Amino acid sequence: MEKIGDLIMVNLDSPDPRAHAEFYSRALGWEVTASAAEYAMISDGHASLGFGLVEGYQPPAWPDSSGGKRYHLDLYVDDLDKAEAACREAGAARPDFQPGGDRWRVLTDPAGQPFCICLRASD
């Protein structure tokens, strides 16, 4: 099948675009390329994450099979403990429900949106 296009950006709903961008900038090591109250963006030079202000934003619960997640990001890491500590220092939280065992951990970003840190497979 011939591809139609390339993914260049994912836009996420946010209660605080600047803070959201700063968090993921720190988590991914990407540059903040736009930062305003209504919209912020980070990029690695190939792809971007955008964060758009949504008044009255309500994060999904974790776990919540009856509600819809707005997105779910997985980040590869080399050390789960170090990555979790760094994410928590940057503003993430760790929910009680953790289905990943020693392979991944669910965290929530400062906006309350779940994401996972996943242990990178060693070759």
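What counts as what
- Residues numbered from 1 in each chain as written.
- Predicted model: local features only at pLDDT ≥ 70, side-chain atom pairs only at ≥ 80, totals over all residues.
- Heavy atoms only, no water.
- Phe/Tyr/Trp six-rings, centres within 6.5 Å; stacked < 30°, edge-to-face > 60°.
- Buried < 20%, exposed > 50% of the residue type's maximum accessible area, 1.4 Å probe, protein only.
- Helix = DSSP H or I, 4+ residues; strand = E, 2+ residues; numbered from the N terminus.
- Pairing = 2+ DSSP bridges.
- Axes fitted to C-alpha atoms, helices over the stretch in contact; angles between N-to-C directions.
- Contact = heavy atoms within 4.5 Å.

Under the annotation held in an unreviewed UniProt entry, the protein carries the name Glyoxalase and is attributed to Plantactinospora mayteni.

Student: Would you mind showing me how to read the packing of aromatic side chains here?
Tutor: Aromatic ring pairs are described here by two measures, namely the spacing of the ring centres and the angle between the planes. The full count for this structure, using the stated rule, is five aromatic pairs. The interplanar angle of 85° and the centroid separation of 4.9 Å between the aromatic rings of Phe23 and Tyr24 together place this pair among those described as edge-to-face. Taken as a pair, Phe23 and Tyr24 share a single burial class, namely buried. Centre to centre, the rings of Trp62 and Phe97 are 5.8 Å apart; their planes meet at 40°, and the pair counts as tilted. You can see Trp62 sitting in the loop between strand S4 (48-53) and strand S5 (73-77) and its partner Phe97 sitting in the loop between helix H2 (80-89) and strand S6 (104-108), a full 35 residues away along the chain. Trp62 sits in the partly exposed class, given a relative accessible area of 25%. Owing to a relative accessible area of 41%, Phe97 belongs among the partly exposed residues under this scheme. Pairwise contacts between aromatic rings join Phe23, Tyr24, Phe51 and Phe115 into one cluster.

Student: Mind showing me how you'd approach the sheet that holds strand S2 (residues 31-35) here?
Tutor: Working definition: the strands of a sheet are paired by backbone hydrogen bonds and lie parallel or antiparallel to each other. With mixed pairing, the four strands of this open sheet are ordered in space as S1-S4-S3-S2. Only two strands of the sheet have a single neighbouring strand rather than two, namely strand S1 (9-14) and S2. Within the sheet, the average angular offset between the axes of one strand and its neighbour, ignoring direction, is 20°. Pairing of strand S3 (residues 39-43) with S4 involves five bridges; the strand directions are antiparallel. Each bridged residue has a counterpart across the sheet, and for Ser43 the counterpart in S4 is Ser48. Packing against the sheet, helix H1 (residues 17-28) makes contact with S1, S2, S3 and S4, and its axis sits at approximately 10° to S3.

Student: Explain the sheet that holds S5 to me, please; I cannot follow it from the model alone.
Tutor: Overall, mixed pairing links the three strands, which are arranged S5-S7-S6 in an open sheet. The open sheet has two edge strands with one neighbour each: S5 and S6. When strand polarity is set aside, the average angle formed by the axes of neighbouring strands in this sheet is 25°. Each of S5, S6 and strand S7 (114-119) touches H2; the most contacted strand, S7, lies at about 150° to it.

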